[in-house]
Amino acid sequence: MNRLYEKYIKTESLPTLFCPGCGNGIIQYAAIEAFERLGIAEDIACVSGIGCSSWIPCYYKLDVMHTMHGRAIAFAEGLKLARPEKKIVVFTGDGDCVAIGGNHLVHAAARNIDLTVIMVNNYIYGMTGGQKSPTTPKGARTKTSPFGCIDQPIDSCKLVTSLGASYVARWTTAHPVQLEKAIADGISHKGFSFIEVLSQCPVQAGKNVYGEKEPSKIMEGYKKGTYIYKPQAGALTGDIPAPQDGKIPIGLLHYDPDASEYLQRVEERLKAEGVR
Amino acid sequence: MERDSNTKTQVVLQGNEACAKGAVYAGCRFFAGYPITPSTEIIEMLSGEMQKAGGAFIQMEDEIGSACAIIGARWGGSKAMTATSGPGYTLMQEAIGFAAVTETPIVIVNVQRGGPSTGQPTLSSQQDIYQARYGSHGDYGIIVLAPSSVQEMYDFTVKAFDLAEQFRGPVILLADEVVGHMREKIEIFSGDRRVSSPKKKYAISPSTDFFKGANTLVEGQLHDEMGRRIGHMADKSGAFIEKITRKIEDNVDMIADVTTYCMEDADVAIVAWGSVARPSLNAVKKARGIKDDRILPKFRVVRDLVKRGVRETMHTDYSHLKVGLIKINTVWPFPEELLQQAAENVDTVIVPEMNIGKYCREIQRALPDKKVVPLPKCGGNIHTPKELLDKILEEVGVDE
């Protein structure tokens, strides 16, 4: 077995509950590589919600909280406030994060609190068997949109950028090397880091949502259907780029290293008021 | 409760403020909350006091987020609390189940108001007695304390933190608008509290705080002692459910707290919990002729009992009634044995409650040989001592 895998994975808990062809394993490993690159595993704790992607950290040899549907960010905020010097990484999915957990996402982004949120976006509720999620494309037929999905999908990167998140990146499971770097950068960044990962669910989404059920071909689709955003110098502090020729922008989409972070603001206020 | 008597001071506080002060003294260093009447003074006070004490405070976007945040903070090593009321408490129920299944020591204050739904934001009730015990889905054990004075708002808050740590789980402080908003002179303590850590911790789940190198897995699915899921295994899951219920229910003797008053020779008992214990105590004092003007408001016993078919001349006073009070401080786990002992020599038990008569069912179950009479009162007004005494008269009749 891979050396890093042995170091970071509770091998006695294997096999994982992920289906063959699932993208979660790629993300699980990319995060391990990021932890290793940073060399601060003892200062990292993971928090996740409910859904397939929320099982990613449950196999880590780290302190992990596998919490309630939609509430991972709220748990993570409490943990962060209790231990401001530590790094908290949240694993969540599109339904967990944007639907039921939307309120916590909105407010955590607006606070710009120092968390790293990895949102695995497979456009579907996978664990419950393939129902539409807030990111399901218009027209897609799922178990709960038999006549085609009619809702406008929510662009979560755009959402959190508009609210004040200071590190926003989007990658796919077809870009594991870039994803690993983004996770490491997100953890190092002091502020609300949001990393969306487009990830395949060949079993529950497959042909109806991606038009393809072969995992490798879905991943090829991620390469064909995206373009890597190459901003001009200093252009990262504004709005995130728009799709071009029907291709979704990926890469680092928004980055504002000088944005004021929640815990820093708390400390500043307490010092100014003579409390600390 | 262990106290450092050197730092004792007397102050006049509101119940909610006393709760906030008690939390700080108990070592609470994290508070997350959301404003809601009639509990708001707790979040208001702790928005400053928590950080002055070196802790952290956050006003969350909703009540379920608040309950989740305090669980997160507790795993970070900070004793943590939230406070709410009515709809907010309902919204927290999923997190209370999570704290029970992950055995996370937290304190949740419910300053009860009238329900259901938006109900009566500014008036009192005791309608959440069963929600406090059974509110979250699934089976679990939980400790619920019911304060009936400002002093108890302080003392029981401190006690709630100790019990949460000892029995590893959520503890509910089930207050109500009456005790939350009244002001009384109480004794509070400051400085470092000497806490001896409990000898035995009743945890089946992983219990090492985060960042201690234990690779703790906090898992909301039923799990083994390593945190690994067992939810798909019926035998192990059944055993787990029994354990997290029995660690509370089987240790009721260590948790139960019941106060009695004038029960030595009583043949009628008022069994009350929370703020209703106040008019109940006054009723006992009135019937017993115990003068205590500070607590007992003077009232003339004049009531038209003719309407009830009772001859007026026979009941201008209640002095022949041998009434006692059994005040239940730990409403859950149900202190069955203590109640049975306390009520051993009475024939009749009156159970006043500011709800449709809920907890009375437990008391009827525990005292099958007694005449147990509910005295429910909904709408937001607390019982008067006179109402209680009239009810007793109605039930026990005339002294021959």
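Residues numbered from 1 in each chain as written. Chains lettered and ligands numbered in written order. Predicted model: local features only at pLDDT ≥ 70, side-chain atom pairs only at ≥ 80, totals over all residues. Heavy atoms only, no water.

(A) Local environment of the overall build of chain A. Along chain A, the regular secondary structure elements total 10 helices and 10 strands. Projected onto its principal axes, the C-alpha coordinates of chain A cover approximately 60 × 45 × 35 Å. Taking all 276 residues of chain A together, the buried fraction comes to 57%. For chain A, the computed accessible surface area is about 11,100 Å², with 54% contributed by carbon and sulfur atoms. On chain A, the mean spot of the 30 positive side-chain charges and the mean spot of the 28 negative ones are 4 Å from each other. (Helix = DSSP H or I, 4+ residues; strand = E, 2+ residues; numbered from the N terminus. Buried < 20%, exposed > 50% of the residue type's maximum accessible area, 1.4 Å probe, protein only. Areas by Shrake-Rupley, 256 points an atom, 1.4 Å probe, with all protein chains shown as cover. Lys, Arg positive; Asp, Glu negative; His and termini not counted. Charge placed at Lys NZ, Arg CZ, Asp CG, Glu CD.)

(B) View of the interface of chain A and chain B. Facing 39 residues of chain A, the contacting portion of chain B comprises 38 residues. Carbon and sulfur atoms make up 60% of the surface buried where chain A meets chain B, a total of about 3,100 Å² over both sides. Taken together, chain A and chain B are joined by 1 salt bridge. For A:Arg111, the salt bridge goes to B:Glu61, with nearest N and O atoms at 2.8 Å. (Contact = heavy atoms within 4.5 Å. Buried area = accessible area lost by both parts, 1.4 Å probe. Salt bridge = Lys/Arg side-chain N within 4 Å of Asp/Glu carboxyl O.)

(C) Molecular detail of the pairing of strand 15 (residues 348-353) of chain B. Residue and element names in this part refer to chain B. Summarising burial for strand 15: 6 of the 6 residues are buried, a large majority. Side chains Thr348, Ile350 and Pro352 of strand 15 all project onto a buried face; the interleaved residues Val349, Val351 and Glu353 project onto the opposite face, where all are buried too. One ladder, built from 3 bridges, connects strand 12 (residues 268-273) with strand 15; its direction is parallel. In the sheet register, Val268 faces strand 15, and the bridge partner there is Thr348. Here strand 15 runs beside strand 16 (residues 371-376); their pairing, made up of 6 bridges, is parallel. (Pairing = 2+ DSSP bridges.)

(D) Broad picture of the nonpolar core. Of all hydrophobic cores here, the largest spans 100 residues; its most connected members are A:Phe192, A:Phe194, B:Phe30 and B:Ile363. Each of two domains, domain 1 (8-189) and domain 2 (260-396) of chain B, supplies a minimum of three residues to this core. Those residues within four positions of B:Phe30 in sequence are excluded, and the remaining contacts are A:Gly78, A:Leu81, B:Met50, B:Ala56, B:Ile58, B:Ala69, B:Ile70, B:Ala73, B:Ser78, B:Lys79, B:Ala80 and B:Met81. In terms of nonpolar packing, the next biggest core, distinct from the first, is built from 44 residues, B:Val107, B:Ile143, B:Ala175 and B:Ile188 among them. (Core = buried A, V, L, I, M, F, W, Y, C linked by side-chain atoms within 4.5 Å. Domains from an automatic or database assignment.)

(E) Up close: the pairing of strand 8 (residues 170-176) of chain B. All names here are of chain B. Buried residues dominate strand 8, accounting for 7 of its 7 residues. Bridge count between strand 5 (residues 106-114) and strand 8: 7 bridges; the pairing is parallel. Residue Asn110 lies in a different strand from strand 8, and its bridge partner there is Leu174. Bridging between strand 7 (residues 143-145) and strand 8 involves 3 bridges; their strand directions are parallel. Bridge pairing in strand 8 places Ile143 opposite Val171.

(F) The sheet that holds strand 13 (residues 323-328) of chain B, seen in detail. Residue and element names in this part refer to chain B. Pairing within the open sheet is mixed, and its 5 strands lie in the order 11-13-12-15-16. At either margin of the open sheet sits one strand with a lone partner, and together these are strand 11 (258-261) and strand 16. Pairs of neighbouring strands in the sheet enclose a mean axial angle of 20 degrees, with direction left out of account. Sheet topology note: the strand 11/strand 13 ladder contains 4 bridges and is antiparallel. The residue of strand 13 that forms the bridge with Thr259 is Lys327. Packed onto the sheet, helix 11 (residues 277-288) meets strand 11, strand 12, strand 13 and strand 15 and runs at close to 160 degrees relative to strand 13. (Axes fitted to C-alpha atoms, helices over the stretch in contact; angles between N-to-C directions.)

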